[in-house]
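# Structural characterization, general
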Amino acid sequence: AEIEHFVDPADKTHPKFKDVAAVALNLFDRDAQLTTGIVATATIGDAVHSLGLVANETLGYFMARTQLYAVAVGLDAAKLRFRQHLKTEMAHYAADCWDLEVLTAYGWVECVGHADRACYDLDVHAEATKVDLAANRSLKEPKTVEAVVIEPNKKLIGLTFKAEQKLVVAALEAIEDPAAFVESGDFPKTLGGGFEITKEMVSLKRTTKNVLTERFVPSVIEPSFGIGRLVHALLEHSFYQREADEQRCVFRFPPRIAPIKCGLYPLQTNADFLPVLATLERNLTAAGLANKTDASGAAIGRRYARADELGTPFGVTVDFQTLKDSTVTLRDRDSMQQVRLPIDALVQVLESLVRGPSVWADVLARFSDQPASLPSDGPITLERTPRAVFSRPSNLAAAAAAA
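What counts and how
All chains use their own residue numbering, which begins from 1 and follows the written sequence. With the structure being a predicted model, the display of local features is reserved for residues of pLDDT at least 70 and the display and counting of side-chain atom pairs for 80 or more, all residues being used for whole-chain, interface and lining totals. Note that water and hydrogens are dropped before the side-chain values are worked out from all heavy atoms of the structure. One speaks of a salt bridge when a side-chain nitrogen belonging to Lys or Arg is within 4 Å of a carboxyl oxygen belonging to Asp or Glu. A run of DSSP states H or I qualifies as a helix once it reaches four residues; a run of E qualifies as a strand once it reaches two. Both are numbered from the N-terminal end. Residue exposure (1.4 Å probe, protein chains only): buried if accessible area is under 20% of the type maximum, exposed if over 50%, otherwise partly exposed. For the purposes of this section, nonpolar cores are sets of buried Ala, Val, Leu, Ile, Met, Phe, Trp, Tyr and Cys residues that join through side-chain atoms within 4.5 Å. Here, residues are in contact when the closest pair of their heavy atoms is within 4.5 Å. Between the N-to-C directions of two axes lies an angle of 0 to 180 degrees, each axis being a line fitted to C-alpha atoms and, for a helix, fitted only over the stretch in contact. Roughly parallel covers angles under 35 degrees, roughly antiparallel covers those over 145, roughly perpendicular covers 65 to 115, and oblique covers all other angles. Handedness of a crossing follows from how the near helix is turned relative to the far one, being left-handed for an anticlockwise turn of less than a right angle and right-handed for a clockwise one. At least two DSSP bridges between two strands are required for those strands to pair. A helix is expected to span 1.5 Å multiplied by its residue count minus one. For this quantity, the arc is that covered by the directions from the helix axis to the C-beta atoms.

## Quick word on the pattern of salt bridges
Tallied over the full model, the rule gives 14 salt bridges. The closest approach of N and O atoms between Glu101 and Arg81, which form a salt bridge, is 2.8 Å. Of this pair, Glu101 sits in strand S5 (residues 96–104) while Arg81 sits in strand S4 (residues 80–84), and the two are 20 residues apart along the sequence. When sorted by exposure, Glu101 lands in the same class as Arg81, which is buried.

## Observations regarding helix H11 (residues 300–310)
Count 3.6 residues to each turn of an α-helix, and residues three or four apart come out pointing the same way. Counting buried residues along H11, eight of its eleven residues qualify, which places the element largely inside the surrounding structure. For H11, every residue scored as buried is listed here: Ile300, Gly301, Arg302, Arg303, Tyr304, Ala305, Ala307 and Asp308. Immediately downstream of H11, the backbone of Gly311 shows phi near 85°, a positive value.

## Structural notes on the nonpolar core
Counting 34 residues, the largest nonpolar core has Leu27, Ile44, Val54, Met63 and Leu75 as the members making the most contacts within it. With six residues, helix H4 (residues 57–72) is the largest single contributor of residues to this core. In this structure Met63 touches Leu25, Leu27, Val54, Phe82, Trp98 and His114, once residues within four positions along its chain are discounted. Judged by nonpolar contacts, the second largest core, of 31 residues, contains Cys262, Val316, Ile343 and Trp360.

## Side note on the packing of helix H6 (residues 154–161) against helix H7 (residues 165–173)
Between H6 and H7, whose axes approach to 9 Å, the crossing angle comes to 130°. The angle between H6 and H7 places the two elements in the oblique class. Crossing of H6 against H7: the hand is right-handed. Packed against H6, whose contacting residues are Lys154, Ile157, Gly158 and Phe161, the element H7 presents Gln165, Val168, Val169 and Leu172 at the interface.

## Overview of unusual backbone geometry
Here the residue pair Gly356 and Pro357 is connected by a cis peptide bond, since its omega of 10° sits within 30 degrees of zero. Considering the arrangement of structural elements, one finds Pro357 in the loop between helix H13 (343–355) and helix H14 (360–367). You will see that Lys162, though not glycine, has its phi angle at about 50°, which is positive. Within the fold, Lys162 resides in the loop between H6 and H7. Since its relative accessible area comes to 60%, Lys162 is described here as exposed. A positive phi angle is found at Ser326, which is not glycine, with a value near 55°. Position of Ser326 among the secondary structure elements: in the loop between helix H12 (320–325) and strand S17 (327–332).

## Some remarks on the sheet that holds strand S16 (residues 314–318)
Taken together, the five strands give an open sheet; going across it, the order is S15-S14-S16-S17-S18, and neighbouring strands pair in mixed fashion. Unpaired on one side and paired on the other, strand S15 (291–293) and strand S18 (338–342) mark the two borders of the sheet. For this sheet, the mean angle separating the axes of adjacent strands, direction not counted, is 25°. Pairing of S17 with S18 involves five bridges; the strand directions are antiparallel. Bridge pairing in S18 places Thr327 opposite Pro342. H11 rests against strand S14 (262–266), S15, S16, S17 and S18 of the sheet, and its axis sits at about 165° to S14.

## Observations concerning the environment of Phe251
On the secondary structure map, Phe251 appears in strand S13 (residues 249–251). The sequence separation of Phe251 and Val217 amounts to 34 residues, and the corresponding C-alpha distance is 47 Å. Excluding residues that lie within four positions of it along the chain, Phe251 makes contacts with Leu235, Ser238, Phe239, Asp308, Glu309, Gly311 and Arg333.

## Quick notes on the environment of Ala128
Along the polypeptide, Ala128 turns up in helix H5 (residues 120–129). Spatially, the C-alpha atoms of Ala128 and Thr198 are 30 Å apart, while their sequence positions differ by 70 residues.

## Brief notes about the pairing of strand S2 (residues 24–28)
Of the strand pairs in this sheet, S2 and strand S3 (residues 40–43) are connected by four bridges, and their pairing is antiparallel. Considered in S3, the bridge of Leu27 is made with Ala40. As paired strands, S2 and S4 are joined by two bridges and run parallel to one another. The residue bridging Phe28 from the neighbouring strand is Arg83, located in S4.

## A closer look at the pairing of S4
In terms of burial, S4 is a largely internal element, five of the five residues being buried. Sheet topology places S4 next to S5; five bridges connect them, and they run antiparallel. Note on S5: the bridge partner recorded for Arg81 is Glu101.

## A few points about helix H10 (residues 274–286)
Taking 1.5 Å per residue as the helical rise, H10 with its 13 residues ought to reach 18 Å, and the 18 Å between its terminal C-alpha atoms agrees with that figure. When we look at burial in H10, the residues that qualify are Val276, Leu277, Leu280 and Leu284. Projected down its long axis, H10 carries its buried residues within an arc of 95°, all on one side. Exposed residues pointing more than 90 degrees away from the buried face of H10 are listed as Pro275, Arg282 and Ala286. Where the residues of H10 are buried, they touch S14, S15, S16, H12, S17 and H13.

Here is the structure:
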């Protein structure tokens, strides 16, 4: 995935740069690569304006936005760095290049490239396609310039083209390089519209004129994202095992990008829970919150563990208390904390957790006076038999051993 951002080569400031100027990046500039090997941390504002490490604001803006994006989707900020290309690595036309590198099990892997490719791309395209790709910039003040213009012989053109005289004159005045048109010598020439012009119909005239715009070929700032590498890094950075648990593996996906936002669980296999689960599933789906119901006969702690392995950030459990007062238990994946809240508030709470601005601490503060009544989903213990290895919550394993 790439962005092609065109910018005036004479003015590479960015109107939104101030919004990201305070974003801190780990920068591995080319001098440090060849000498100390030290990665420095600096705000992108300082990197552009004070330290002179990054060539311009527009390139720095996209670097900062990439950093914010990477952290927002779940990459570990401590395992990110921007490495500047050495002069021997850069293309001859490039002004500056920085790669976002992510530390993975394979070492530092380039995941996003940021290149100021100057005007090279459009120059090459224009030459190959014979299409003018220049743009106009407005001048702050009018500028007087000398110009060579075509002076049509209107009398001869009128006699030749009669009623179409104005069209021919307009076509001649629109020619971008009058000198080349007149002095090339290969007359007669055919204009657009099929008008054939002889040498006697045109001459050159030198004049001065005030101009309000001037033409230029834009530079290209190109962020290029390696989506597969980013996904791999995200899976690595999100995976962990709970402390003191033998089998509790978790993907710590941020709620916004988790494939499944919420799991739905009946506490036990009970037909009375099914209508409530169906209503919850319908309401969450209508709100655009992807959900999955696990109504298997496994213990609730085991079902929580399954959801943790999928990276599901929240779980809702329907129990016997639900049938009495229309409340459910909401569980947070990362802290494993639970609160009880009314069913009517559930969709709004989950929407705010998934899409912002709420975090789990806000939910605790709001509903902490309604403690959850479910058993804790404690550590998972491995039970080994001559034929197989089983995993189950520790409390159930202890009960089985006592029996």
